[in-house]
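Structural characterization, general
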Amino acid sequence: MSLLALQDVCKRYSRSAGERTVLRDVTLQLEPGELAVVWGLKGSGRSTLLRIAAGIEAPDSGSVRFEGRDLAQAGEGLLGGGIGFPERGLRSAEGRGVLDHVMVGLLAHGVGPRGARTRALRALERVGGEQIASQRVAALEQDESVRVAIARSLTLEPALLVIDEPTKGVDLLARDGVLVLLRSLANDGIAVLASTSESTGLAGADRALALSEGELRGAPPAELATVLPLRRPRRAAG
């Protein structure tokens, strides 16, 4: 049984000009410790696919199962638990410090302030963000916002991390660090499903997929092949 399994997923949206099919019979399986990246142009349905995979949005047809459970029934109940969905939209917390922001999910789950602080600091350290723990959220660079969002999800120990365009808006010099972080999380056993509209966002993935005209294909366009390798780094022997 796969950790995440999408089977024949379809999604349509109604517009004034008529109905548009965003996802057409999409099938995808993801295993623990696997990093899969979906490439697609703007408007290709990448974000919709990830929201459905995380249980935030329901498909019109087909099934989505996480650890064997139907997300149509469990839905957002798995968010903040088995599934992490890091979001960089931190504007509502602009006056809040980074550490407080990372602690919020833990406090909401009944963890005491002292325990929440310890776990939040540990998560920030895991993503390489311990030095920004005392900063205000509004003062963060784009790559720092990504790390903080991931840290907040990690505090609840998800088995699956679904992250939409993690390198969008991130400075070119900082993008590699974000991709290396995702690779390292997968190496630790967390399944990661990410999306990208840029060829560089495929680097380090175990599997690169392409979404076009509603169909998910098992490989990106040939012109993007030079940005890989797709295989995870081998661990040193001994």
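Described below are features of the structure shown in this document. Position labels on residues start from 1 in each chain and follow its written sequence. Thresholds applied to this predicted model are a pLDDT of at least 70 for local features of residues and 80 or more for the giving and counting of side-chain atom pairs; totals over whole chains, interfaces and linings are not thresholded and use all residues. Heavy atoms from the whole structure form the basis of all side-chain values; hydrogens and water molecules are not counted.

1. A look at the packing of helix H3 (residues 98-108) against helix H5 (residues 142-154)
Describing two packed helices takes the angle between their axes plus the distance from one axis to the other. Rules: An axis is simply a line fitted to the C-alpha atoms; with a helix, the fit covers only the stretch in contact. Between two such axes, the angle follows the N-to-C directions and lies from 0 to 180 degrees. Numbering of helices and strands runs from the N terminus, with a helix taken as a DSSP run of H or I at least four residues long and a strand as a DSSP run of E at least two residues long. With the far helix as reference, a near helix turned anticlockwise by less than a right angle produces a left-handed crossing, and one turned clockwise produces a right-handed crossing. By definition, residues are in contact when any of their heavy atoms lie within 4.5 Å. For this classification, Asp, Glu, Lys and Arg are treated as charged, while Ala, Val, Leu, Ile, Met, Phe, Trp, Tyr, Cys and Pro are nonpolar and the rest, including Gly, are polar.
As a packed pair, H3 and H5 sit with axes 7 Å apart at the nearest point and diverge in direction by 35 degrees. Classified by chirality, the crossing of H5 by H3 is right-handed. Only Val148, Ala151 and Arg152 of H5 make contact with H3, whose side of the interface consists of Val98, His101, Val102, Val104 and Gly105. Taken together, the residues of the contact of H3 with H5 sort by class into 5 nonpolar, 2 polar and 1 charged.

2. Some words on the pairing of strand E3 (residues 35-39)
The cut-off we apply is this: For every residue, the accessible area (1.4 Å probe, protein chains only) is compared with the maximum for its type, and the residue is labelled buried under 20%, exposed over 50%, or partly exposed between those bounds. Note on pairing: DSSP must find at least two bridges between two strands before they are called paired.
Counting buried residues in E3 gives 5 out of 5 residues, a clear majority hidden from the surface. What you see with E3 is no split at all: Leu35, Val37 and Trp39 on one side and Ala36 and Val38 on the other are buried throughout. In the sheet, E3 pairs with strand E8 (residues 191-196) via 5 bridges, with the strands oriented parallel. From the neighbouring strand, Trp39 faces E8, where its bridge partner is Thr196.

3. So, the environment of Gly82
With respect to the secondary-structure elements, Gly82 resides in the loop between helix H2 (71-74) and strand E6 (83-84). For the pair Gly82 and Ala54, spaced 28 residues apart in the sequence, the C-alpha separation amounts to 9.8 Å. Leaving out residues up to four positions away in the same chain, Gly82 has contacts with Phe66, Pro158, Ala159 and Leu160.

4. What to know about helix H4 (residues 113-126)
Each full turn of the α-helix corresponds to 3.6 residues, which orients residues three or four apart in the same direction. Condition: For a helix, the expected span equals 1.5 Å multiplied by the number of residues minus one. By arc we mean the arc of the directions from the helix axis to the C-beta atoms, nothing more.
With 14 residues, H4 ought to run about 20 Å at 1.5 Å a step, and its terminal C-alpha atoms sit 20 Å apart, in line with that. Among all positions in H4, only Ala116, Ala120, Ala123 and Leu124 are buried. In a view along the axis of H4, the buried residues occupy a sector of 100 degrees, so they form one face of it. Opposite the buried face of H4, by more than 90 degrees, sit the exposed residues Arg114, Arg122 and Glu125. As for H4, its buried residues are in contact with H3 and H5. The positive-phi residue at the C-terminal boundary of H4 is Gly128, with phi of around 75 degrees.

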